[in-house]
Structures are given as structure tokens and as C-alpha cells.
Amino acid sequence: RRGRSFLAVTDFIAPCVPTGLAAGRLGNFINGELWGREADPSLPWAMVYPQSGQTFARHPSQLYQMLLEGLLLFVILWWFANKPRPVGAVSAVFLIGYGSFRFLAEFAREPDSFLGLLGLGLSMGQWLSLPMVIAGVLMLRKNRENDPRGKHMARALALRVGLSVALFLLIMLGWAMGWVRPGG
């Protein structure tokens, strides 16, 4: 009704979404649901979740997700949206950020019992995160063509984000395949 495109609206809303994600993950933590995988008991923040039916320490993956997908993504989007950007750029960074952080946090989260791990040892959440990251990168690439500030700045931004995402996904693939292990 007001002549705004869908992406202009999502660019406006995207920086606020992580606050809702953080609140949801905090609720998961308070309710003792969606706990993490088994953790080294010497890990200072490892927790025992009685609801899991197990007595071993687990990662508080809800808090990892709250910090990554909530707080950190909020800061990134707020900073990124503070400058004039092509329509769809903020939404693209949201998709890349949320998809990447979710992919990473899923390594600490216990997979759904009825699904387990899927192909390449990845969880359903990780498989669903990959198209988000790809869509975000493609959106930024398309923005390069429509950037009123010139193709040079948009190309540099798309290149930096693309290289960062490629490096991140390469590290995650190495982690999933057992080639790279955290802490050694």
C-alpha cells in the first residue's frame, strides 16, 4: 500500500529479528530443552540436563545460539544497516549471518532424536542453513548490479562476504569430515 518493496521491508525488519531469536533461545535454556551434545565434564559451563534422561555434562547450545544468532547477529546487522545500502543488502547479510551462525552452533547441539545426523555427518539444521547462506550471497551479488554507489563498492563488499563465507564453509566441512578439530 505504501509503495515499498518486499526487500525494503525485510531490510527494515532484519536488524530486529535477532532479538526475538535470542529471547527464544533463552526460553529454550530456561525450559531445559534443545540441549547440546555431550561435553567434557571439565568444561566450566557444561551442564547436566535432567530432562535429557542422562547424567553426563552437555554443551548449553541454547546459550551458544543466543549469543551467536541473537546478540552477535544483532550487532552486525545494526552496524551494517546504519549506512545506506542497496535494497536487499541488509536482508542478504541477515541470511548469511543467521545461516552461518546456525550452521556453526549445530555442531554443539544434540540432533533431533528422530532424525539424527544426515549426510556428511550434518544435522537437519545445518542442511537447512546452507540454502540461506547461498541465497544471501546470491542476493549480495545481485545487489552489486543495482548499487547506486557504483559497482566497485558493491563488488568489494560481495567479494569480502563471499570469501568469508567460502572460508567458513570450508572450515565447517573440514570439521564435519574430521579433518579439522577444535582445540587441536
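In this report, the structure presented in the accompanying data block is examined. (Residues numbered from 1 in each chain as written. Predicted model: local features only at pLDDT ≥ 70, side-chain atom pairs only at ≥ 80, totals over all residues. Heavy atoms only, no water.)

### Side note on the overall build of the protein
Of the regular secondary structure elements, the protein holds six helices and zero strands. Of the contacts made within the protein by residues no fewer than 6 positions apart, 62% connect residues no fewer than 24 positions apart. Accessible surface computed for the protein: about 10,800 Å², of which carbon and sulfur atoms make up 68%. (Helix = DSSP H or I, 4+ residues; strand = E, 2+ residues; numbered from the N terminus. Contact = heavy atoms within 4.5 Å. Areas by Shrake-Rupley, 256 points an atom, 1.4 Å probe, with all protein chains shown as cover.)

### Description of the side chain of Gln62
Locating Gln62 in the fold gives a position in helix α3 (residues 61-81). You can call Gln62 buried: its relative accessible area is 0%. When sequence neighbours within four positions are dropped, the list of residues in contact with Gln62 reads Arg25, Asn28, Phe29, Glu33, Leu34, Trp35 and Tyr49. (Buried < 20%, exposed > 50% of the residue type's maximum accessible area, 1.4 Å probe, protein only.)

### Quick look at the nonpolar core
Leu73, Leu77, Phe80, Val90, Phe94 and Leu140 are the most contacted members of the largest nonpolar core, which has 15 residues in total. Taken together, the elements giving at least two residues each to this core come down to α3 and α4 (89-105). Looking at this core, the element that brings in the most residues is α4, giving nine residues. (Core = buried A, V, L, I, M, F, W, Y, C linked by side-chain atoms within 4.5 Å.)

### Comments concerning the pattern of salt bridges
For side chains of opposite charge, pairing can occur when their charged atoms come near one another. Counting across every chain of the model gives three salt bridges. In this structure, Arg25 and Glu69 form a salt bridge, with 3.8 Å as the shortest nitrogen-oxygen distance. Of this pair, Arg25 sits in helix α2 (residues 17-31) while Glu69 is found in helix α3, placing the two residues 44 residues apart along the sequence. Taking the relative accessible area as the measure of exposure, Arg25 reaches 12% and is therefore buried. (Salt bridge = Lys/Arg side-chain N within 4 Å of Asp/Glu carboxyl O.)

### A look at a nonpolar patch on the surface
Taken together, Leu118, Leu120, Met124, Trp127 and Leu128 make up a surface patch of nonpolar side chains, about 420 Å² in accessible area. Summarising the element assignment, Trp127 is placed in helix α5 (residues 124-146). By relative accessible area, which is 32% here, Trp127 ends up partly exposed. (Patch = residues over 30% accessible without salt bridge, like charges linked within 9 Å, V, L, I, M, F, W, Y side chains within 5 Å.)

### Points about the environment of Leu43
By secondary structure assignment, the location of Leu43 is in the loop between α2 and α3. Residues Leu43 and Arg58, 15 residues apart in the sequence, show an inter-C-alpha distance of 9.3 Å.

### Here's the deal with the packing of aromatic side chains
Inspection of the entire model under this criterion finds four aromatic pairs. Taken together, a centroid distance of 6.4 Å and an interplanar angle of 50° make the contact between Trp79 and Phe80 tilted. Over the face of the ring belonging to Trp79 we find Arg85, whose NZ or CZ atom lies 6.0 Å from the ring centre. Of note, Arg85 hangs over the ring of Phe80, and the distance from its end group to the ring centre comes to 3.9 Å. (Phe/Tyr/Trp six-rings, centres within 6.5 Å; stacked < 30°, edge-to-face > 60°. Lys NZ or Arg CZ within 6 Å of the ring centre and 35° of its normal.)

### Quick look at α4
Between the first and last C-alpha of α4 there are 24 Å, a value that for 17 residues agrees with the 24 Å anticipated at 1.5 Å per step. Of all the 17 residues making up α4, 15 are buried; the element is thus mostly covered by neighbouring parts of the structure. (Expected span 1.5 Å × (residues − 1).)

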